[in-house]
Structure formats: structure tokens, C-alpha cells
Amino acid sequence: MSDERPEKPLPELRASDADRDRVVERLRDAVAEGRLDMDEFEERLEAAYKSRTYAELEPLTADLPAAQGAAAVAPAAAPSGSAWPGRIGGTGSSALAVAVMSGFQRKGRWTVPARFDAVAFWGGGELDLREADFAQREVVINCVAIMGGIEITVPPGVDVDVRGFGFMGAFDQRDSPGPTEPGAPRVVVTGFAFWGGVEVKIKKPKRPLPGPSLRKEP
């Protein structure tokens with residue numbers, strides 16, 4: 001008989017708001033059960049809301065029995081056929097792209113680093129993430145567009161958070177990414193646009209991606 005036990009999440013992975021809420025709920029139950037006093041509860045509550053990874057969340061309930069029918073930290077597992085787990089992790093291919101009265105392009109199988117800086121001055125740039133791998137679950141793309149433009153294309157199912165600021169320019173996300181797929185990365189787009197723009201598009205990959213790339217990192 002095969003072992004059907006779910007795999008424990010990697011400690012370095014980012015925890016979601018739902019993960020933090022589950023831990024907080026377990027701490028509240030522990031107070032009601034008499035397992036924690038209020039001082040301990042308040043201390044752990046503050047730590048829970050500050051936690052960013054599973055490694056930081058897990059110790060908060062490690063000495064408490066799991067709630068009946070559920071584990072204290074139980075993130076949604078990726079479907080067995082999902083390719084995302086194989087596309088997250090590694091070293092970024094490059095961390096900077098600059099276009100000064102010219103252009104740049106990143107597309108195909110490349111690895112997006114934890115932070116990527118893109119600068120377009122009187123020029124344009126294209127970042128296509130549809131076939132990309134990701135150095136970690138959450139990546140930040142910082143864009144500076146001055147009298148230029150930057151286009152970012154991501155596949156459906158990715159969690160996209162556009163936070164950039166435009167002054168006589170704009171950060172524009174016209175397409176809805178739809179529901180986030182379990183195990184998919186989170187892409188935060190931030191930066192500044194002056195007489196320029198940053199556009200985020202949602203498009204399906206040109207071909208199916210079964211798993212991690214076979215590219216060797218330099």
C-alpha cells in the first residue's frame with residue numbers, strides 16, 4: 001500500500017494570510033482550553049501576524065495538539081499534476097535589464113530572481129514570464145519607466161500584485177489573472193513611471209510546460 005500522507009511544506013516557503021489565520025484560530029482555541037494564558041497568547045499572536053514563512057509559523061503551535069480534524073498549519077497542496085513546484089527554486093538568470101533609447105527582452109525559459117530591476121528611458125522592455133522559472137515563491141519586479149514603456153506578461157493562475165506609481169504615466173493591469181492556482185508564484189510589480197507606462201498582461205503559455213527547465217545555470 002502506498003503512503004498517502006501529505007508532504008510537509010518546505011519551511012522557507014512563504015505563508016499566506018489564510019495560514020496565519022489558521023494559526024491564530026488555533027491559539028484562540030488553546031486559550032479557551034486553558035493551554036495558554038493571556039500573556040502567552042498575546043506574545044504568540046503578535047508573532048503570528050509578523051510571520052512570513054512556515055518556519056516562523058510552525059513553532060507557535062508546535063507544543064499544542066492539532067485541532068480536531070485539521071493540522072495547525074495546513075496550506076493547500078498543489079495538485080498532483082501541477083508543474084509549479086518544479087518551477088520554483090534556483091538562481092536567477094539575471095537581475096537587471098536597462099533600455100536607454102533602445103530595448104530589452106526576457107522571454108522563454110529563464111529564471112526570475114527574487115528581485116528584478118527593469119529600467120526603460122526613452123526605450124522599451126518586455127518581460128515574458130509564461131515559460132519562466134522562479135527563484136522563490138514571491139518575486140518582486142521593480143520597474144522605472146521614464147518616457148518609455150515596460151510590458152510584463154504572466155500566465156493565468158499566478159498571483160499578481162501591482163503597486164507601482166505613475167506621474168503623468170501609469171501602471172496598468174487590464175486583464176484579470178483569475179483564481180490563483182495552488183503552488184503558483186506571487187509576482188509583485190512595483191516602481192515608478194514618468195511620462196511612460198508599465199503594462200501587465202495575462203496570457204496563456206504558447207505551449208504546455210511539464211516541469212522545470214533543463215537549462216544549466218551559468
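Residues numbered from 1 in each chain as written. Predicted model: local features only at pLDDT ≥ 70, side-chain atom pairs only at ≥ 80, totals over all residues. Heavy atoms only, no water.

Time to look at a nonpolar patch on the surface. On the surface, L96, V98, V100, M101, F121 and W122 cluster together into a nonpolar patch covering about 590 Å² of accessible area. Of the residues forming the nonpolar patch, the biggest block, 3 residues, is contributed by strand β1 (residues 96-100). Its place among the elements puts F121 in strand β4 (residues 115-121). (Patch = residues over 30% accessible without salt bridge, like charges linked within 9 Å, V, L, I, M, F, W, Y side chains within 5 Å. Areas by Shrake-Rupley, 256 points an atom, 1.4 Å probe, with all protein chains shown as cover. Salt bridge = Lys/Arg side-chain N within 4 Å of Asp/Glu carboxyl O. Helix = DSSP H or I, 4+ residues; strand = E, 2+ residues; numbered from the N terminus.)

Another point: the pairing of strand β7 (residues 138-146). In this structure, β4 lies alongside β7, joined through 7 bridges in parallel fashion. Following the sheet pairing, V119 is matched in β7 by V144. Strand direction decides the pairing type here: β7 and strand β12 (residues 186-194), joined by 9 bridges, are parallel. Opposite V144, over in β12, you have F192 as the bridge partner. (Pairing = 2+ DSSP bridges.)

Attention shifts here to the packing of helix α1 (residues 17-32) against helix α2 (residues 38-50). Two numbers describe a pair of packed helices, the interaxial angle and the distance between the axes. Running from N to C, α1 and α2 point in directions that differ by 180°, and their axes come no closer than 10 Å. Between α1 and α2, the interaxial angle falls into the category roughly antiparallel. Residue-level contacts link R20, D21, V23, V24, L27, R28 and V31 of α1 to M38, F41, R44, L45, A48 and Y49 of α2. (Axes fitted to C-alpha atoms, helices over the stretch in contact; angles between N-to-C directions. Parallel < 35°, antiparallel > 145°, perpendicular 65-115°, else oblique. Contact = heavy atoms within 4.5 Å.)

In this structure the tally under the stated criterion is 5 aromatic pairs. Note on F121 and W122: the rings are 5.8 Å apart at their centroids and 0° apart in plane angle, and the pair reads as stacked. A relative accessible area of 48% places W122 in the partly exposed class. With a centroid separation of 6.0 Å and an interplanar angle of 25°, the aromatic rings of F165 and F192 are classed as stacked. Taken as a pair, F165 in strand β10 (residues 165-167) and F192 in strand β12 lie far apart in primary sequence, 27 residues in all. (Phe/Tyr/Trp six-rings, centres within 6.5 Å; stacked < 30°, edge-to-face > 60°. Buried < 20%, exposed > 50% of the residue type's maximum accessible area, 1.4 Å probe, protein only.)

A word on the pattern of salt bridges. Summed over the entire model, instances satisfying the criterion amount to 14 salt bridges. Here E46 makes a salt bridge to K50, at a shortest N to O gap of 3.0 Å. Here the residue E46 and the residue K50 both occupy positions in helix α2, the gap between them amounting to 4 residues, near one helical turn. Residue K50 is classed as exposed on the basis of its relative accessible area, which comes to 57%. The structure contains a network of salt bridges with shared partners spanning E138, D159, D161, R163 and R186.

This next bit is on the sheet that holds strand β8 (residues 149-154). Strand order in this open sheet of 5 strands is β2-β5-β8-β13-β11, and the pairing throughout is parallel. Only two strands of the sheet have a single partner each, and these edge strands are β2 (103-106) and β11 (170-173). Along the sheet, successive strands turn relative to each other by an average axial angle of 10°, direction set aside. Both β2 and strand β5 (residues 124-128) contribute to a ladder of 4 bridges, which runs parallel. Residue pairing across strands places G103 opposite G124, the latter belonging to β5.

Moving on, we come to α2. The end-to-end C-alpha distance of α2, which contains 13 residues, comes to 18 Å, matching closely the 18 Å that a straight helix rising 1.5 Å per residue would cover. The elements touched by buried residues of α2 are α1 and α3 (54-57). Looking at where α2 begins, the residue whose side-chain oxygen comes 3.2 Å from the main-chain nitrogen of D39 is D37. (Expected span 1.5 Å × (residues − 1). Polar contact = N/O pair within 3.5 Å; in protein donor to acceptor, adjacent residues only side chain to side chain.)

By size, the foremost hydrophobic cluster in this structure holds 31 residues, and its most contacted members are L129, C143 and I152. Elements with a contribution of two residues or more to this core: β1, β4, β7, β8, β12 and β13 (197-202). The biggest single contributor to this core is β7, with 4 residues. Those residues in contact with I152, other than ones at most four positions away along the chain, are L127, L129, I141, C143, V189, V198, E199, V200 and K201. The next biggest cluster of nonpolar side chains, apart from the first, holds 14 residues, and it includes V23, L27, Y54 and L60. (Core = buried A, V, L, I, M, F, W, Y, C linked by side-chain atoms within 4.5 Å.)

Look at M101: it is not a glycine, yet its phi comes out positive at around 55°. Here M101 shows up in the loop between β1 and β2. Although it is not a glycine, M147 sits at a positive phi angle of roughly 50°. Residue position: M147 is located in the loop between β7 and β8. Overall, the relative accessible area of 30% leaves M147 in the partly exposed class.

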